[in-house]
Amino acid sequence: MTVDVKNFRRYVIELSKKNKRADGRALLDYRKPIKIEYGISKNAEGSASVTIGKTNVVCGVKMEIGTPYPDRPDEGTMIVSGEFAAIASPNFEPGAPKENAIELARIVDRGIRESGAIDVKKLCITEGEKAWIVFIDIYIQNHDGNLIDAAALAAIAALSNAKFPKINENGTVDYHEHTEPLPIVQKPIACTINKIDGKLFVDSTADEEQVFDGRLTVTSNEEGIINAMQKGGREGFTEEELNKSVEIALEKAKELRKYL
Amino acid sequence: MSKLLIKEKEIVIPGEKIAEGMDFLPSTGTFREGESIYANKLGLVELKNHITKVVSLKGYYMPKRGDTVIGIINYIGYSGWDVNIGAPYDASLPVGEAVKERVDLLRGDMSRYFNLGDVIIANVFNVTKSKIIKLSMRDYSLKKLNGGRVIKISPSKVPRLIGKSGSMVGMIKEYTKCDINIGQNGFIWINGPIEGQYLIEKAVNLIEEKAHTSGLTDRVKQMLEEGVKNE
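Residues numbered from 1 in each chain as written. Chains lettered and ligands numbered in written order. Predicted model: local features only at pLDDT ≥ 70, side-chain atom pairs only at ≥ 80, totals over all residues.

J.: Explain the overall build of chain A to me, please; I cannot follow it from the model alone.
T.: Helix and strand counts for chain A come out as five helices and 12 strands. Against the 2.2 N^0.38 benchmark of 18 Å for 260 residues, chain A shows a C-alpha radius of gyration of 19 Å, consistent with a compact globule. Principal axes of the C-alpha set define a box for chain A whose edges measure 65 × 35 × 30 Å. A burial count over chain A gives 41% of its 260 residues as buried. If you take every contact in chain A between residues at least 6 apart in sequence, the share linking residues at least 24 apart comes to 67%. (Helix = DSSP H or I, 4+ residues; strand = E, 2+ residues; numbered from the N terminus. Rg over C-alpha atoms; globule rule 2.2 N^0.38 Å. Buried ≥ 20, exposed ≤ 12 C-beta atoms within 10 Å, placed from the backbone. Contact = placed C-beta atoms within 7 Å.)

The following block contains the structure:
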């Protein structure tokens, strides 16, 4: 964490004119290597850990049997929650999730939901009575920026790692045995673009996030169709910047998809 | 019979026995129990005339009287400023210690002298038992630093960054053509060409990582030479 926010911003702007970043990357470079580990938790139905630079995000998938919503009797459902562990950054505090954690969970949720990543019809066990509820829990282990991209990547990695628990004959669930993998039909990838003084960046560090003007997250699927978007920060994007951001996000999503 | 169990510059963990016998004396980071001396923190062992000391690898800056530090104005109060010096507690800088002219506190605008986010170089004037830190700027070399920016290094690595009689920092200055001001608290103020600033940050990170190894100066020199060539 930089202590001198005011002067650091000026430095970032100066460097960006030369297509350079404080850590030596170009503006549109992700930190390398991006590491994805599968099946890190033995109690979860599926889990994954994503490391981008010093950022580390862990995601676990748990499943439970519940009743489907009355207006969608033949569909299962999913819930995404995010937690910023206090160990991850000096700025995070223990307690109930704050605005940033809720926003993160909602961006990940929207990406998975709107892309139709999970075939929810296949989560139904008995129509109108029983269906699987998928809990996707995201834990930030270390914060060095770009949490949204890392969390979205961890969520989809954990989902593709997940398997249905076995249902016993008397209707109870045996969490020790697993059957077939979850019906994942799409893999949405989020890419966040930050804007500092009219320049567009990807994969910002925690230091850069302290000084940016605006942020735009674009979630897209394999065919390059945009599933979700989220704008943050205090400054807006012009039409030109928006078009350029989307272009960059689609390009970078292809790159990120290779790591899955 | 007194005996040293750990070599100098070796890493110890809390509770590790450093020496046996009454010939050795404990100081910061060590304690005596019975006839032996143990470490009470993680760090490197240092020896000076039979006095044992453990220097931590990382950690917060603990202010001492007389230290020259670099700070960032955190808060403007009625009759002074609060300054972030990287210590667990904010330091306070009273207006009388900072400004030479007479200031009318009722009408004067304090941000005229130092505003939020301004960088200053100051002296630790006093540290009380309850950790109230008082700063002073009553010296010609203690002033507000305009422009540039502040980067950080572990306070325990500041001696390595300066080098023997300023050799390391002198070398960095020469290669990068930048101004450098190092505070005892591990805050480093740098100003100059953008390429130089970038190189300094790289050099500081290298020193931070490899401070405990030998041949550090050569390694930094090599890095700086390559950096200058690539520009």
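There's plenty left to go through after this.
J.: Can you walk me through the overall build of chain B in this structure?
T.: Check the secondary structure of chain B and you find five helices and 17 strands. Each principal axis of the C-alpha atoms in chain B carries an extent, and together these give about 70 × 50 × 25 Å. For chain B, the residues scored as buried account for 32% of the 231 residues in total. The contacts in chain B between residues at least 6 apart in sequence include a share of 54% that link residues at least 24 apart.

J.: Got a minute to help me understand the interface of chain B and chain A in this structure?
T.: Listed per partner, the contact involves 12 residues of chain B and nine residues of chain A. Put simply, the parts of the chain that give the side of chain B that touches chain A at least two residues each are strand 15 (149–152) and helix 4 (194–210) of chain B. Among the residues forming the side of chain B that touches chain A, the class breakdown is six nonpolar, four polar and two charged. (Nonpolar A, V, L, I, M, F, W, Y, C, P; charged D, E, K, R; others polar.)

J.: Just checking my understanding: could you explain the packing of helix 4 of chain B against helix 5 (residues 216–230) of chain B for this structure?
T.: For any two helices packed against each other, one specifies the crossing angle of their axes together with the interaxial distance. Residues and elements named next belong to chain B. Close contact between helix 4 and helix 5 brings their axes to 10 Å; oriented N to C, the two are set at 155°. Taken together, the axis directions place helix 4 and helix 5 in an arrangement best described as roughly antiparallel. Between helix 4 and helix 5 lies a crossing whose hand is right-handed. Contacts between helix 4 and helix 5 involve Leu 199, Lys 202, Ala 203, Leu 206, Ile 207 and Lys 210 from the first element and Leu 216, Arg 219, Val 220, Met 223, Leu 224 and Gly 227 from the second. Split into classes, the residues belonging to the contact of helix 4 with helix 5 amount to eight nonpolar, one polar and three charged. (Axes fitted to C-alpha atoms, helices over the stretch in contact; angles between N-to-C directions. Parallel < 35°, antiparallel > 145°, perpendicular 65-115°, else oblique. Left-handed = near helix turned anticlockwise from the far one by under 90°.)

J.: I tried to follow the packing of helix 3 (residues 167–176) of chain B against helix 5 of chain B on my own but got confused; where do I start?
T.: Residues and elements named next belong to chain B. Two numbers describe how helix 3 lies on helix 5: the axes approach to 10 Å, and their chain directions differ by 5°. It follows that helix 3 is roughly parallel to helix 5 by the angle criterion. Touching Ser 167, Met 168, Met 171, Ile 172 and Tyr 175 of helix 3 are Thr 217, Val 220, Lys 221, Leu 224 and Val 228, all from helix 5. Its residues placed into classes, the contact of helix 3 with helix 5 shows seven nonpolar, two polar and one charged.

J.: Honestly, helix 2 (residues 99–115) of chain A in this entry has me stumped. Any pointers?
T.: In an α-helix there are 3.6 residues to a turn, and that puts residues three or four apart on one side. All names here are of chain A. In this model helix 2 runs 24 Å from its N-terminal to its C-terminal C-alpha over 17 residues, within 8% of the 24 Å that 1.5 Å per residue would give. Among the residues making up helix 2, those that are buried are Leu 104, Ala 105, Ile 107, Val 108, Asp 109, Arg 110, Gly 111, Ile 112 and Ser 115. Where the residues of helix 2 are buried, they touch strand 4 (77–84), strand 6 (130–142), helix 3 (147–161), strand 9 (189–196), strand 11 (214–220) and strand 12 (226–233). Following helix 2 by one or two positions, Gly 116 adopts a phi angle in the positive range, close to 65°. (Expected span 1.5 Å × (residues − 1).)

J.: Would you mind going over the domain arrangement of chain B with me for this structure?
T.: Interface size is often expressed as the accessible area that is lost when the parts come together. Residues and elements named next belong to chain B. Parsing chain B into structural domains produces domain 1 (3–56), domain 2 (68–145) and domain 3 (149–230). Taken residue by residue, the interface counts 10 residues in domain 2 and eight residues in domain 3. The set of elements that each furnish at least two residues to the side of domain 2 that touches domain 3 consists of strand 9 (68–76) and strand 12 (119–127). With four residues, strand 9 is the single largest residue contributor to the side of domain 2 that touches domain 3. (Domains from an automatic or database assignment.)

J.: Explanation requested: the sheet that holds strand 10 (residues 199–202) of chain A in the structure shown.
T.: Strand pairing within a sheet occurs via backbone hydrogen bonds; the two strands may be parallel or antiparallel. Residues and elements named next belong to chain A. The sheet built from four strands is open, its strands ordered 10-9-11-12 with antiparallel pairing. Whereas interior strands pair on both sides, the edge strands pair on one side only; in this sheet they are strand 10 and strand 12. Along the sheet, successive strands turn relative to each other by an average axial angle of 25°, direction set aside. Pairing of strand 11 with strand 12 involves seven bridges; the strand directions are antiparallel. Paired with Thr 219 across the strands is Ala 228, a residue of strand 12. Along the sheet, helix 2 contacts strand 9, strand 11 and strand 12; its crossing angle with strand 12, the most-contacted strand, is approximately 160°. Relative to strand 9, helix 5 (residues 239–257) is tilted by about 135°, and along the sheet it contacts strand 9, strand 10, strand 11 and strand 12. (Pairing = 2+ DSSP bridges.)

J.: Which parts of the structure should I look at to understand the pairing of strand 8 (residues 51–56) of chain B?
T.: A regular strand carries its side chains on alternate faces of the sheet. All names here are of chain B. Of the pairings in the sheet, the one linking strand 4 (residues 25–26) to strand 8 comprises two bridges and is parallel in character. Each bridged residue has a counterpart across the sheet, and for Leu 25 the counterpart in strand 8 is Ile 51. In the sheet, strand 7 (residues 43–48) pairs with strand 8 via six bridges, with the strands oriented antiparallel. Within strand 8, the residue paired with Leu 47 across the bridge is Thr 52. Between the antiparallel neighbours strand 7 and strand 8 lie two residues, among them Asn 49 with a positive phi of about 50°.

J.: Please clarify how unusual backbone geometry should be interpreted in this entry.
T.: The general pattern is negative phi for most residues beyond glycine and trans for most peptide bonds. Residue Pro33(A) is reached from Lys32(A) by a cis peptide bond, and omega for that bond is -5°. A positive phi angle is found at Asn146(A), which is not glycine, with a value near 55°. We classify Asn146(A) as buried; it has 27 C-beta atoms within 10 Å. Of note in the backbone geometry, Asn49(B) takes a positive phi value of approximately 50° without being a glycine. Take Asn49(B): it is sitting in the loop between strand 7 and strand 8. Judged by the 5 C-beta atoms lying within 10 Å of it, Asn49(B) falls in the exposed class.

J.: Got a minute to help me understand the pairing of strand 7 (residues 163–167) of chain A in this structure?
T.: With four bridges joining them, strand 7 of chain A and strand 8 (residues 173–181) of chain A adopt antiparallel strand pairing. In the strand pairing of strand 8 of chain A, Lys166(A) is matched with Asp174(A).

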